[in-house]
Amino acid sequence: MASIVQRNNRYNVVYLYDDEATGKRKQKWESFKTMADAKRRKAEIEYRQELGTMVIHQCKTVNELLKEYVSLYGKTTWSMSAYSSNTALIENYISPIIGNMKLSNVTARVLEKYYMQLLKTPSVHRITQKERSKDVVFVAPPTVRKVHNVLRSAFHQAVKWELMEKNPAMYATVPKAETKKREIWDAPTLFHAIEVCEDERLKLSINLAFTCSLRIGELLGLTWDCVDISPESIASGKACIYVNKELQRVSKSVMKTLEKKDVLRVFPELRESNKTVLVLKKPKTATSTRKIFLPKTVAEMLVEWKRDQDFTKEALGSEYADFDLVMANGLGMPTEQSRITTLFAELIEKNDLPKVVFHSLRHSSITYKLKLNGGDIKSVQGDSGHAQAQMVTDQYSHILDDDRKNNAALFERAFYSGKGVESVEAPAEPEDKGPAAPVGVDPELLAKIFSNPEMAALLTSLAKSLN
């Protein structure tokens, strides 16, 4: 058994172990900053003690450390997708190159030389790469940064386990990766795409992704028990969806290794020979679990979609596999991500639309929400499920820059053009005042919205889609 002892604002996990070299029984103290970290380590130790494998391994090489790191840290911390990705990075890019290097020889300088070497190393075959392609594709800077993140985390654990004195990755310079701006559709393009879309499943998917800022896995994993579209809710403006799971295709071997970690449901396989399987799992992060309110029009789309789905279910009877999925296919089974992305690409090709990926609809959604609410980041974060508000500001700071440009224009008119005169004469009202604001709508707010050309275009598109 292990115990936790608090000393000087640190939480120490204390336990007995068998020294690998001498076989003698020794006591070991491991220090942690938080109680949560200490409890997790205590659970790891007690689990290994139950298995009878509580021996402190004196890792000498990078490979030995990574084996312990994956076993003790990765299995308890990573999601299935993260486990697959990180172990692939270790297998393909770390172990073959620096795996046999002694931990004592790993320095920041050594890591920097290793990163430069990676940039000249051919990357492993990718699914998107043609099998017989003669083009040599080298490891890209974003992949190098992922490798660095794995090593930094592994060395951090090594310091905690007293296998290294300091973390060399903390001081290593990593190649810069250029962040490419993701292209998105503006409102007129988006609603034109919806208008010409002939596939009802894709049309509903586009509307939900745009209005609810959904990731595609969240969209396809949505179930009817998490949808509130009752007449009372729609009438009162409370129609909503609750995001608490996502659809994902995962490796069978990884799922077995992690003992179905976070998996809520495993769907039937079409072919047992497949190495992967579709599952419903807990969402990406804790903040991804969220309630999102629906515009009335989209709520009514869901009502109609459910009516048609119930009709199909009744007609097929026992042939319909009812998993309560909103985006089920014609037989009730999950709709694959590849199916939606293929339909989306065909829609773009057929109608000569600007080329974007389906995930861009989420970015369009967040962009317009920030514009409509004047940059209320916290409310947008609640819809998008970002873990931190800073993630929103980092991704969408260009939107907030528009308002800051307006501030500069206001200063120019109020002070510099007027030679420092603070009171600026109000402009004369135009003869045509335009349509009066509807009852219950703030006229000033309405005027502010229509003063923005993009907002006017968005509302015009929305109005057309309702006719």
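Residues numbered from 1 in each chain as written. Predicted model: local features only at pLDDT ≥ 70, side-chain atom pairs only at ≥ 80, totals over all residues. Heavy atoms only, no water.

Chemist: What am I meant to see in the packing of helix 7 (residues 200-212) against helix 12 (residues 337-350) here?
Modeler: Packing of helix 7 against helix 12 brings their axes to within 10 Å, and their N-to-C directions diverge by 95°. In terms of their interaxial angle, helix 7 and helix 12 are classed as roughly perpendicular. Between helix 7 and helix 12, the residues in contact are Arg201, Leu202, Ser205 and Ile206 and Ile340, Leu343, Phe344 and Leu347, respectively. Here the residues of the contact of helix 7 with helix 12 sort into six nonpolar, one polar and one charged. (Axes fitted to C-alpha atoms, helices over the stretch in contact; angles between N-to-C directions. Helix = DSSP H or I, 4+ residues; strand = E, 2+ residues; numbered from the N terminus. Parallel < 35°, antiparallel > 145°, perpendicular 65-115°, else oblique. Contact = heavy atoms within 4.5 Å. Nonpolar A, V, L, I, M, F, W, Y, C, P; charged D, E, K, R; others polar.)

Chemist: Help me understand the sheet that holds strand 6 (residues 240-243) in this model?
Modeler: The strands that make up a sheet pair up through hydrogen bonds in the backbone, lying either parallel or antiparallel. Across the sheet, three strands lie side by side as 5-6-10; this open sheet has antiparallel pairing. Two strands close off the open sheet at either side, each with one partner strand: strand 5 (227-228) and strand 10 (290-293). Pairing geometry for strand 6 and strand 10, over four bridges, is antiparallel. Residue pairing in the sheet places Val243 in a bridge with Arg290 of strand 10. (Pairing = 2+ DSSP bridges.)

Chemist: Help me understand the environment of Ala88, please; the structure alone is not making it clear to me.
Modeler: In this fold, Ala88 is placed in helix 3 (residues 80-98). For Ala88, a relative accessible area of 30% puts it in the partly exposed group. As a C-alpha pair, Ala88 and Val124 span 36 residues in sequence and 9.9 Å in three-dimensional space. (Buried < 20%, exposed > 50% of the residue type's maximum accessible area, 1.4 Å probe, protein only.)

Chemist: Got a minute to help me understand the packing of helix 3 against helix 4 (residues 108-118) in this structure?
Modeler: The angle between the axes and the distance between the axes are what describe a pair of packed helices. The geometry of helix 3 relative to helix 4 is characterised by a closest axis approach of 12 Å and an angle of 125° between their N-to-C directions. When the interaxial angle is binned, helix 3 and helix 4 end up oblique. Handedness of the crossing formed by helix 3 with helix 4: right-handed. Every residue of helix 4 that contacts helix 3 at Tyr93, Ile94, Ile97 and Ile98 is listed here: Tyr114, Gln117 and Leu118. For the contact of helix 3 with helix 4, the residue count by class is six nonpolar, one polar and no charged. (Left-handed = near helix turned anticlockwise from the far one by under 90°.)

Chemist: Can you help me understand empty space enclosed by the protein in this one?
Modeler: By rolling a water-sized probe across the atoms, one finds the places where empty space is left. A complete count under the given rule lists two cavities of 30 Å³ or more for this structure. Forming the boundary of the second largest cavity are Phe32, Asp37, Arg40, Arg41, Glu44, Tyr73, Gln157, Lys160 and Trp161. Secondary structure elements with two or more residues in the lining of the second largest cavity: helix 1 (35-51) and helix 5 (141-160). Counting residues per element, the lining of the second largest cavity draws most heavily on helix 1, which supplies four residues. (1 Å grid on protein atoms, 1.4 Å probe; cavity = no way out; pocket = protein on both sides within 12 Å on 5 of 7 lines; lining within 4 Å. Points joined across faces, edges and corners; volume = space filled by probe spheres on them.)

Chemist: Would you take a moment to explain the sheet that holds strand 8 (residues 263-266) for this structure?
Modeler: Here we have three strands laid out as an open sheet, ordered 7-9-8, and antiparallel in their pairing. A single partner strand is all that each edge strand has here, and the edge strands are strand 7 (246-251) and strand 8. Taking the axes of each pair of neighbouring strands and ignoring which way they run, one obtains an average angle of 40° across the sheet. Here strand 8 pairs with strand 9 (residues 276-281) via three bridges, running antiparallel. Counted as the bridge partner of Arg265 is Leu280 from strand 9. Strand contacts of helix 3: strand 7, strand 8 and strand 9, with the helix running at about 35° to strand 7, the strand carrying the most contacts.

Chemist: Before we go on, may I ask you to explain the pattern of salt bridges in this structure?
Modeler: Opposite charge on two side chains allows them to pair when their charged atoms are near. Under the definition given, this model contains 14 salt bridges. Residues Asp37 and Arg40 are paired through a salt bridge, measuring 3.5 Å at the closest nitrogen-oxygen approach. Of this pair, Asp37 and Arg40 both sit in helix 1, separated by three residues, roughly a single helical turn. In this structure Arg40 comes out as partly exposed when scored by relative accessible area, which is 31%. As a salt-bridge pair, Glu218 and Arg215 come within 2.7 Å of each other at their nearest N and O atoms. Side by side, Glu218 and Arg215 carry an identical accessibility label, which is buried. The network of salt bridges with shared partners includes Lys306, Asp310, Lys313 and Asp322. (Salt bridge = Lys/Arg side-chain N within 4 Å of Asp/Glu carboxyl O.)

Chemist: Before we go on, may I ask you to explain the nonpolar core in this structure?
Modeler: Counting residues in each nonpolar core, the largest one holds 54 residues, and the members touching the most others are Leu208, Leu294 and Phe358. Top element by residues in this core is helix 7. It accounts for seven residues. Excluding residues that lie within four positions of it along the chain, Leu208 makes contacts with Ser213, Leu214, Leu219, Leu294, Val298, Leu302 and Met327. If you look at the next biggest cluster of nonpolar residues, it comprises 43 residues, including Tyr93, Leu111, Ala154 and Leu258. (Core = buried A, V, L, I, M, F, W, Y, C linked by side-chain atoms within 4.5 Å.)

Chemist: Is there a simple way to explain the side chain of Arg215 in this structure?
Modeler: Checked against the element boundaries, Arg215 lands in the loop between helix 7 and helix 8 (216-220). Judged by its relative accessible area of 13%, Arg215 falls in the buried class. A distance of 3.3 Å separates a polar atom in the side chain of Arg215 from a polar atom in the side chain of Ser288. (Polar contact = N/O pair within 3.5 Å; in protein donor to acceptor, adjacent residues only side chain to side chain.)

Chemist: Just checking my understanding: could you explain the packing of aromatic side chains for this structure?
Modeler: The relation between two aromatic rings is expressed through the spacing of the ring centres and the mutual angle of the planes. Scanning the model with the defined rule gives nine aromatic pairs in all. Arranged with centres 6.4 Å apart and planes meeting at 85°, the rings of Tyr73 and Trp78 form a pair that is edge-to-face. For the pair Tyr73 and Trp78, one class covers both residues: buried. Connected via pairs of aromatic rings, a cluster forms that spans Tyr69, Tyr73, Trp78 and Tyr83. A cation over a ring is seen here: Lys306 above Trp224, with NZ or CZ 5.4 Å from the ring centre. (Phe/Tyr/Trp six-rings, centres within 6.5 Å; stacked < 30°, edge-to-face > 60°. Lys NZ or Arg CZ within 6 Å of the ring centre and 35° of its normal.)

Chemist: How should unusual backbone geometry be read in this particular structure?
Modeler: Apart from glycine, the bulk of residues carry a negative phi angle, and the bulk of peptide bonds sit in the trans form. Although it is not a glycine, Glu162 adopts a positive phi angle of roughly 60°. Overall, Glu162 belongs to the exposed group, its relative accessible area being 56%. If you check the backbone angles, Asp352 has positive phi at about 55° while not being a glycine. Position of Asp352 among the secondary structure elements: in the loop between helix 12 and helix 13 (360-372).

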